[in-house]
Amino acid sequence: VTGIMNPFWMANLSVNQAAMAAGTAIPHIYVQGFWDHYLLIGGVGSTLPLALMLLRSKAGHLRTIGRMGVVAGVFNINEPVLFGAP
């Protein structure tokens with residue numbers, strides 16, 4: 001997705017930079033930083049939904065991995081789920 005969206009993000013970023021230099025309001029919110037910080041929450045592998053599903057598991061050890069994974073996944077750390085899940 002980033003290969004396709006990158007030209008649009010760079011164009012929006014260029015317009016934002018020109019607006020900021022002119023002292024006007026920034027017109028575009030959807031740039032690469034928005035994607036990185038708000039849409040990729042839970043790690044690059046998008047393991048946050050997996051951690052939420054592990055919380056509902058019948059197996060106790062998977063629920064434990066889910067509890068650790070949800071807290072870490074909110075901060076874009078997905079190793080507990082990647083290495084803890086079977």
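All of these numbers come straight from a predicted model, not from anything done at the bench.

Enquirer: Give a description of the environment of Gly 23 that names residues and reports values.
Expert: Assignment of secondary structure puts Gly 23 in the loop between helix H1 (2-22) and helix H2 (32-39). For the pair Gly 23 and Thr 47, spaced 24 residues apart in the sequence, the C-alpha separation amounts to 40 Å.

Enquirer: Describe the packing of aromatic side chains, listing the residues and the values that go with them.
Expert: Throughout the structure, instances matching the rule amount to 3 aromatic pairs. Here Tyr 30 and Phe 34 contribute two aromatic rings whose centre-to-centre distance is 5.9 Å and whose plane-to-plane angle is 70°, an arrangement assigned as edge-to-face. Note on Tyr 30: relative accessible area 29%, which makes it partly exposed. What makes Phe 34 partly exposed here is its relative accessible area of 28%. A network of ring pairs unites the aromatic residues Trp 9, Tyr 30, Phe 34 and Trp 35 as a single cluster.

Enquirer: I'd like a description of helix H3 (residues 48-55), backed by residues and values.
Expert: Here H3 has its buried residues at Leu 48, Ala 51 and Leu 54. Projected onto a plane normal to the axis of H3, the buried residues spread over an arc of 115° and lie on a single side. Against helix H4 (60-74) and helix H5 (79-84) lie the buried residues of H3.

Enquirer: Give me H4: which residues, what numbers.
Expert: Here H4 contains 15 residues, and its C-alpha end-to-end distance of 22 Å stays within 8% of the 21 Å for a straight helix at 1.5 Å per residue. Among all positions in H4, only Leu 62, Ile 65, Gly 66, Gly 69, Val 70, Ala 72 and Gly 73 are buried. Buried residues belonging to H4 abut H3 and H5.

Enquirer: Can you tell me about the confidence of the model for the chain, naming the residues and giving the values?
Expert: Across the chain, pLDDT averages 87, with 92% of residues at or above 70. No element of the chain has a lower mean pLDDT than H2, at 78, and none a higher one than H1, at 93.

Enquirer: Tell me about the side chain of Asn 16, and name the residues and values.
Expert: Looking at where Asn 16 falls in the secondary structure, it is placed in helix H1. There is a polar contact of 2.7 Å between the side chain of Asn 16 and the backbone oxygen of His 28. Apart from residues no more than four positions distant in its own chain, Asn 16 is found in contact with Ile 26, Pro 27, His 28 and Val 31.

About the cut-offs
Residues numbered from 1 in each chain as written. Predicted model: local features only at pLDDT ≥ 70, side-chain atom pairs only at ≥ 80, totals over all residues. Heavy atoms only, no water. Helix = DSSP H or I, 4+ residues; strand = E, 2+ residues; numbered from the N terminus. Phe/Tyr/Trp six-rings, centres within 6.5 Å; stacked < 30°, edge-to-face > 60°. Buried < 20%, exposed > 50% of the residue type's maximum accessible area, 1.4 Å probe, protein only. Arc of directions from axis to C-beta. Contact = heavy atoms within 4.5 Å. Expected span 1.5 Å × (residues − 1). pLDDT = per-residue confidence, 0-100. Polar contact = N/O pair within 3.5 Å; in protein donor to acceptor, adjacent residues only side chain to side chain.

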